[in-house]
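Spelled out, the chains give:
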Amino acid sequence: MTDDTATSAAAEVFEEHRRLLTGVAYRMLGRFADAEDVVQEAWLRWADADRDAVREPRAYLVTVTTRLAIDRLRQAQSRRESYVGPWLPEPVATDFGQTVPDAAERVVLAESVSLALLVLLESLSPLERAVFVLREAFGFHYADIATALDRAEPAVRQLATRARRHIDERRPRYDADPAATAAVTERFLSAALGGDLQGLLTLLAPDVRLIGDGGGLQKAPLRVIESASKVGRFLHAIAGNSLPEPAFTFQEVNGAPAVVITSQGAPHTVLALDLTDGLVSCVYVLTNPEKLGGVRPPKPDA
């Protein structure tokens, strides 16, 4: 086999698994740009590997990607200690509603990339997060996860139990119906843009929280805002802030309906909601320009 043929064959195998590898890396890191970097590094490792000695390319590639993601996550955690204001995952546009026909599978996929879950995953250790992602999001067997992490299987099972218990104890109960979320999101945006404070308050749960992430690069609250009255007043106050050439589009972001606000054609803000019993229980406002590469305004019809 010539070098060009071997490289082409390697690339074909890698592309077959790229979506899986990107999914693992994104759930591990919470940033799509970092996930892409990790996958690119995994490709370089794969291109240089003795591939004839690899019996299961999928397992090999997941192992390499997971280990690279763990290393990067450890580095990122130290940087996040000096992050300005709350840290939120990087939002990404998804299209589960279009590409995944099975409703039950859509729910599982949407939950595994939801902003709420990704925020909770930040509280896990890198190893716990890796085990949780591989087991809960992708259904890997414990033996395979043990191999990927170079740990004994009983230790991996303990990590999985600890991680699942930690997440379950802290995970709020959210409504998962995309149609209901979309309807409330539209009403929410209409009330906010219309300066209808009372209308906003009727949509908010009494203990609603607003989490903003500007990263020190755009305006955003430096602390989590809590209670309906405070969140409502904050949203009412910022609704009057004008952007040059603003546009508002509804998109599926991290598996749920959200609003992408653009200014002069470029993403400026992602507004996403969590619902509990039909009321908004959490508002995510992402304005950090370094985190908006994963959402793009839809292209106009040709």
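Our subject is the structure that appears above.
All values reported here derive from a predicted model rather than from experimental measurement. (Residues numbered from 1 in each chain as written. Predicted model: local features only at pLDDT ≥ 70, side-chain atom pairs only at ≥ 80, totals over all residues. Heavy atoms only, no water.)

Q: Tell me about helix α8 (residues 142–149), and please be specific about residues and values.
A: Those residues of α8 that fall on the buried side of the exposure criterion are Y142, I145, A146, A148 and L149. Along the axis of α8, the buried residues cluster in a sector spanning 165 degrees; they form a single face. For α8, the elements touching its buried residues are α3 (57–80), α7 (126–137) and α9 (153–170). Just beyond α8, the residue with positive phi is D150, at close to 55 degrees. (Buried < 20%, exposed > 50% of the residue type's maximum accessible area, 1.4 Å probe, protein only. Helix = DSSP H or I, 4+ residues; strand = E, 2+ residues; numbered from the N terminus. Arc of directions from axis to C-beta. Contact = heavy atoms within 4.5 Å.)

Q: Account for the pairing of strand β5 (residues 266–276), naming residues and giving values.
A: For a regular strand, side-chain orientation follows a simple rule: the groups alternate between the two sheet faces. Burial runs high along β5: ten of the eleven residues are buried. In this structure, strand β4 (residues 256–263) lies alongside β5, joined through six bridges in antiparallel fashion. Looking across to β5, one finds that T262 is bridged to P267. As defined by bridge partners, β5 adjoins strand β6 (residues 279–286) across seven bridges and the pair is classed as antiparallel. Bridge pairing in β6 links D274 to C282. (Pairing = 2+ DSSP bridges.)

Q: Describe in detail the side chain of T65, supporting the description with residues and values.
A: Along the chain, T65 falls in helix α3. Under the relative-accessibility criterion, T65 is labelled buried at 0%. For T65, the contacting residues outside a window of four places in its chain are L21, A25, V38 and A42.

Q: Quick one: what's the story with the nonpolar core, residue by residue and with numbers?
A: The biggest cluster of nonpolar side chains holds 46 residues, and the ones touching the most others in it are F14, M28 and L121. Counting residues per element, this core draws most heavily on helix α1 (residues 3–29), which supplies nine residues. Excluding its chain neighbours within four sequence positions, the residues that come into contact with L121 are R27, R129, F132, V133 and I167. By size, the runner-up hydrophobic cluster in this structure holds 22 residues, among which are L200, L210, I225 and V231. (Core = buried A, V, L, I, M, F, W, Y, C linked by side-chain atoms within 4.5 Å.)

Q: Tell me about the environment of P289, and please be specific about residues and values.
A: With respect to the helices and strands, the residue P289 is situated in the segment after β6. A relative accessible area of 45% means that P289 is categorised as partly exposed. Taking the C-alpha atoms as reference, P289 lies 38 Å from T147; in sequence the two are 142 residues apart.

Q: Quick rundown of the packing of aromatic side chains? Include the residues and the values.
A: Taken as a whole and judged by the stated rule, the model has three aromatic pairs. Ring geometry for Y26 against F32: centres 6.4 Å apart, planes inclined by 65 degrees, an arrangement best described as edge-to-face. For Y26, a relative accessible area of 3% corresponds to the buried category. By relative accessible area, which is 26% here, F32 ends up partly exposed. Consider the rings of W46 and Y60, whose centres lie 5.6 Å apart with planes at 50 degrees: the pair is tilted. On the criterion of sequence distance, the pair formed by W46 in helix α2 (residues 32–48) and Y60 in helix α3 is long-range, its members being 14 residues apart. When its relative accessible area of 27% is taken as the criterion, Y60 is described as partly exposed. Across from the ring centre of W46, 5.9 Å away, lies the NZ or CZ of R51, which sits over that ring. (Phe/Tyr/Trp six-rings, centres within 6.5 Å; stacked < 30°, edge-to-face > 60°. Lys NZ or Arg CZ within 6 Å of the ring centre and 35° of its normal.)

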